[in-house]
Amino acid sequence: MKRTLITLLSIISIAKSAVITSVEGVAVVINPIENPSINPVVNPERPTQNNNEEIVNVSESKDKKLDMVITWDAEEQEIYDFYDGSNWNFSQSDSLELDRDSPIANILTITDAFIVEDSPGYSHIEIGDGFSVTLKSTDFTFENANGFTGVNDNDNVYSTLNITDGSSMNAAFSAVGLEINVDSTSSLTLRGFGASINSQVERSVVNLSPNAQLTLSSIEKFAQQGDDIYLNGVSFSQNPSILKFNGNTGTAIPEAHLALLSALPIILLLRRRTRFN
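Model, not experiment: these values are computed from the prediction. (Residues numbered from 1 in each chain as written. Predicted model: local features only at pLDDT ≥ 70, side-chain atom pairs only at ≥ 80, totals over all residues. Heavy atoms only, no water.)

Caption draft 1: How the structure looks around the pairing of strand 12 (residues 168–171). Across the two faces of strand 12 the burial differs, with Met169 and Ala171 buried and Ser168 and Asn170 not buried at all. Two strands pair when backbone bridges link them, and strand 9 (residues 139–142) and strand 12 are joined in this way by three bridges, in the parallel orientation. By the bridge assignment, Phe140 is partnered in strand 12 with Met169. As judged from the four bridges shared by strand 12 and strand 15 (residues 187–190), these two strands associate in the parallel manner. (Buried < 20%, exposed > 50% of the residue type's maximum accessible area, 1.4 Å probe, protein only. Helix = DSSP H or I, 4+ residues; strand = E, 2+ residues; numbered from the N terminus. Pairing = 2+ DSSP bridges.)

Caption draft 2: Summary view of the confidence of the model for the protein chain. Across the protein chain, the average pLDDT comes to 76, with 67% of residues at or above 70. Within the protein chain, the lowest mean pLDDT, 31, falls on strand 1 (residues 19–23), and the highest, 98, falls on strand 15. Low pLDDT, under 50, characterises residues 1–67; the predicted model gives this stretch 113 contacts beyond four residues in sequence or across chains. (pLDDT = per-residue confidence, 0-100. Contact = heavy atoms within 4.5 Å.)

Caption draft 3: The nonpolar core, seen in detail. Among the nonpolar cores identified, the biggest contains 46 residues, and Phe82, Ile110, Phe140, Phe148 and Met169 are the most heavily contacted of them. In this structure, Ile110 is in contact with Trp72, Phe82, Trp88, Ile115, Val133, Thr134, Leu135, Lys136, Thr138 and Phe140, ignoring residues within four places of it in sequence. (Core = buried A, V, L, I, M, F, W, Y, C linked by side-chain atoms within 4.5 Å.)

Caption draft 4: How the structure looks around the sheet that holds strand 9. Reading across from one edge, 6-9-12-15-18-22-21 is the order of the seven strands in this open sheet, with mixed pairing throughout. Two strands in the sheet have a free side with no partner beyond their single neighbour: strand 6 (114–117) and strand 21 (243–246). With strand direction ignored, the average angle separating the axes of adjacent strands in the sheet is 15°. Strand direction decides the pairing type here: strand 6 and strand 9, joined by four bridges, are parallel. When the sheet's bridge partners are listed, Glu117 is paired in strand 9 with Phe142. (Axes fitted to C-alpha atoms, helices over the stretch in contact; angles between N-to-C directions.)

The structure is reproduced here in structure tokens:
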């Protein structure tokens, strides 16, 4: 019994850093870091997942002059124009405005805001390669068929949206090389009926921290988009048990819970062996 317990604890320890699966009755341990099919390196300059609470660091732009932070400075309760210069503090940037006709070439931080973006459908907000928008304690809704996107230039460098500190975002889609990171206190809704995590031009991904929530237009969409939904480097396609569902909302399962769930077939096998021994 002692040997069984020690083996079981070892299995759970391994499962915290790897995925345990079963193929034709044979237990296989898959390390998501070492196996490129589990954790694909889309952009080798930056990781494709967050580690629990941490937000993925954005790489600096080649033009350091543009690599400055612009912060939210609006006092109104509801904002309808994302590009209105009066809503932003440009004191740490050489920029004086956000150009709605050009990709965002800065690092933007929005804190304690309620934004209802009502631009015409399919006008979207482009984030430049290597730049980011971070939401902190913010609710951001696109009223029409819009969302944040990266830039269509076929260079496979991600643009980044970080949803943090109890924030929520409701959009029709993400597209064109956009990496969205959702922390454990926040939620993302992509309500589009097509490929709402759209990788037709450049691959887009959603990285969930444990307890983060993702809502798609239907439960079937998770299977269709499973290659682009990650928890700690493991995609939903590779291991559907990384999410638990309530309707069409998936919540990322905390790491310890996932480890026990992954180890369950082996635990049962050990119990069976113990009985016969």
